[in-house]
Amino acid sequence: METSLRCTPRNPIVPKPPQSAASPKAPGRPIRKVLIANRGEIALRILRACRELGITTVAVYSDADRAALHVLHADEAYRLGPAPASESYLRGDLILDIARRTGTDAIHPGYGFLSENAAFAEACETAGVIFIGPPASAMRMLGSKTKARQAADAAGMPRVPGSVTGLASIAEAHAVAREIGYPVMLKAAAGGGGKGMRAVNADSELAEAYTSASSEAERSFGSGEVYLEKLILQPRHIEVQLIADHHGHCLYLGERECSVQRRHQKVIEEAPSAVVGEDLRRRMGEAAVKLALAAGYTNAGTIEFLVDAEQNFYFLEMNTRLQVEHPVTELVTGLDLVHLQIAVAEGKPLPITQKDVHLRGHAIECRIYAEDPDNNFFPSPGLITKLIQPGGPGLREDCAVYEGWRVPLDYDPMLSKLIAYAPTREMAIDRMLRALDEYVIGGIATNINFFRRILTNADFRSANIDTGYLDRLLTKPKAPATTVDEQIVSIASLAAALFEATATPAASPQSEAPASAWKSTARDEALRS
């Protein structure tokens, strides 16, 4: 079913719900219908999990996503508004209105957009709709990066030196920076994903960086609050996945290595980290659980740490939502995090204990983007004219694009997440390289070949990486294709382009009459198979 609700635009984000709204649905109520307040691959990922659980799904979409896969696969779909997120996916008032109209039991926010918006979580609760995520109180304590730092201090967790509240002015930023010493990092208090972050190396750079970071944070998260911390040079970025229920149980599900980053945006994620042993894993996990329990946290969440060369770890922040990179944890633990999220939201106790959590094998995720690495990673929106996706043992792809889909310019340019799983890290890397060889996306530029450069790099293969690794790699000249495999990939790419240019010639006036619709459809499907 597909329905369109045309609404008159109002102010974005979330108004206070009316006093006459229904009382909150307490945990323990079964979820039969879920509205997915997101788009792209994460919306489709959640939709599939709901379908496996027999739950009816409701999609929402902007004008740019009218033909998106999550819209086509959902049981019901409703229009939010124009393409800009401020007029569509950030319109919590419209999303709640659709939830009421459709009799939705719960809303899953995915990641980004309203996923870490405590006002939206509270509005859901007041409206009688289950928010599949943490309670608003825990989100306010831990989702705000500044309040999370205060909570970490209270829990006795080591953290990076810096401000524990949002900066009130540029003058305050100067005072804090001079106290802890340069270099420093400005960060958005209300979100993550590299948005609202600026490294500052000297006092003269701070004012411009402060204004720029605050402005970007306001556009991305609806809040311009930023804080400042000491920039630790060449650390590893390692995060711990948590899941907590409403019965006092909180588990850590191992760690993810997220050190391969560009402009503070993760590019490759792995589980487990090649440098984390059982002792460090336990200490980080127990510290993360202690903080979550102190905040009354429930559902899925991730605590991020910086780890230095001596394996000292420092609290960085908490993401109070499902992470982009959650599939690598699912593959090495055998757990479905979205299934667990929904069970927790229904009030069920976790079906496992900490002693049941075991890490097996190694998983690596590459974020496939519509961007051109040879042109300063410039976004490459447009029509996907050819799509050949990889397959075979040990591969998973969370994808929401198809041949004929037009990639919009309005959102993050991620096309899919390609994940390789194998018994060892070396085997997982080689499996990913094989998958990248098979992957063809025509019509737009992508970063597929860029991953080959990373995965064949000696430092990466030996796990000699930190958060500055990718910046250093990018300063090195790109080596020409010298191996047989690299030459085959180049030839295959050229062949795909030539095939695309010649496979569908224009019909001439003397061509035969068009075949019937069912014959055309059958022929197209046969060619795709």
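(A) Summary view of the overall build of the chain. Scanning the chain from N- to C-terminus turns up 17 helices and 22 strands. Here the chain holds 529 residues, and 54% of them are scored as buried. Taking the contacts inside the chain whose residues are at least 6 apart along the sequence as the reference set, 68% of them involve residues at least 24 apart. As displayed, the chain offers around 22800 Å² of accessible surface, 54% of which is attributable to carbon and sulfur atoms.

(B) Molecular detail of the sheet that holds strand S10 (residues 250-262). Strand order in the open sheet made by the eight strands is S13-S12-S9-S10-S11-S14-S21-S19, with antiparallel pairing throughout. Every other strand in the sheet has two partners, leaving strand S13 (313-319) and strand S19 (395-399) as the edge strands with one partner each. Across the sheet, the mean angle from the axis of one strand to that of its neighbour is 25 degrees, orientation sign disregarded. The sheet contact formed by S10 and strand S11 (residues 265-271) spans four bridges and is antiparallel. When the sheet's bridge partners are listed, Glu-257 is paired in S11 with Glu-270. In this fold helix H12 (residues 425-438) packs onto S11, strand S14 (362-369), S19 and strand S21 (414-422), with an angle of close to 140 degrees to the strand it touches most, S21.

(C) Geometry of the sheet that holds strand S6 (residues 184-188). If you walk across this open sheet you meet the three strands as S7-S6-S8, and the pairing is antiparallel. The two strands at the open ends of the sheet, each matched to only one other strand, are strand S7 (198-200) and strand S8 (226-230). Each strand of the sheet is rotated relative to its neighbour by a mean of 25 degrees, with strand direction disregarded. Bridging between S6 and S8 involves five bridges; their strand directions are antiparallel. Across the sheet, Ala-188 pairs through a bridge with Val-226, a residue of S8.

(D) Looking closely at helix H1 (residues 40-52). Taking 1.5 Å of rise per residue, the 13 residues of H1 would be expected to cover 18 Å, and the 19 Å separating its terminal C-alpha atoms lies within 8% of that figure. A large share of H1 lies buried, amounting to 10 of its 13 residues. Just downstream of H1, Gly-54 is the residue with a positive phi angle, here 75 degrees.

(E) Region of interest: the pairing of strand S3 (residues 76-81). Here S3 lies mainly inside the structure; six of its six residues are buried. As judged from the five bridges shared by strand S2 (residues 56-62) and S3, these two strands associate in the parallel manner. What sits directly across from Val-60, in S3, is Tyr-78.

(F) Representation of unusual backbone geometry within the structure. Backbone torsion omega between Tyr-182 and Pro-183 reads 0 degrees, so that peptide bond is classified as cis. Here Pro-183 shows up in the loop between helix H7 (170-180) and S6. Here Ala-271 and Pro-272 are connected by a cis peptide whose omega angle stands at -10 degrees. Within the element layout of this structure, Pro-272 appears in the loop between S11 and helix H9 (278-294). The phi torsion at Phe-113 lies on the positive side, around 50 degrees, for a residue other than glycine. Its location among the elements puts Phe-113 in the loop between strand S4 (106-108) and helix H4 (118-126). Using a relative accessible area of 25% as the deciding quantity, one classes Phe-113 as partly exposed. At Gln-311, a residue that is not glycine, the phi angle is positive and equals roughly 65 degrees.

(G) Region of the structure containing the environment of Cys-50. You can see Cys-50 is positioned in helix H1. Setting aside anything within four residues of it in sequence, one finds Cys-50 in contact with Val-34, Ile-55, Thr-57 and Ile-342.

(H) Focus on the pattern of salt bridges. In total, this model carries 38 salt bridges according to the counting rule given. Among the ionic pairs, Asp-466 bridges to Arg-472, the shortest N-O distance being 3.0 Å. Take Asp-466: its relative accessible area is 9%, and that puts it in the buried class. Linked through salt bridges whose partners overlap, the residues forming this network are Glu-239, Arg-256, Lys-266, Glu-269, Glu-304, Glu-325 and Arg-367.

Here is what the cut-offs are and how they apply
- Residues numbered from 1 in each chain as written.
- Predicted model: local features only at pLDDT ≥ 70, side-chain atom pairs only at ≥ 80, totals over all residues.
- Heavy atoms only, no water.
- Helix = DSSP H or I, 4+ residues; strand = E, 2+ residues; numbered from the N terminus.
- Buried < 20%, exposed > 50% of the residue type's maximum accessible area, 1.4 Å probe, protein only.
- Contact = heavy atoms within 4.5 Å.
- Areas by Shrake-Rupley, 256 points an atom, 1.4 Å probe, with all protein chains shown as cover.
- Pairing = 2+ DSSP bridges.
- Axes fitted to C-alpha atoms, helices over the stretch in contact; angles between N-to-C directions.
- Expected span 1.5 Å × (residues − 1).
- Salt bridge = Lys/Arg side-chain N within 4 Å of Asp/Glu carboxyl O.

It is worth stressing that arrangement in space is one thing and function is another; only the former is reported here.
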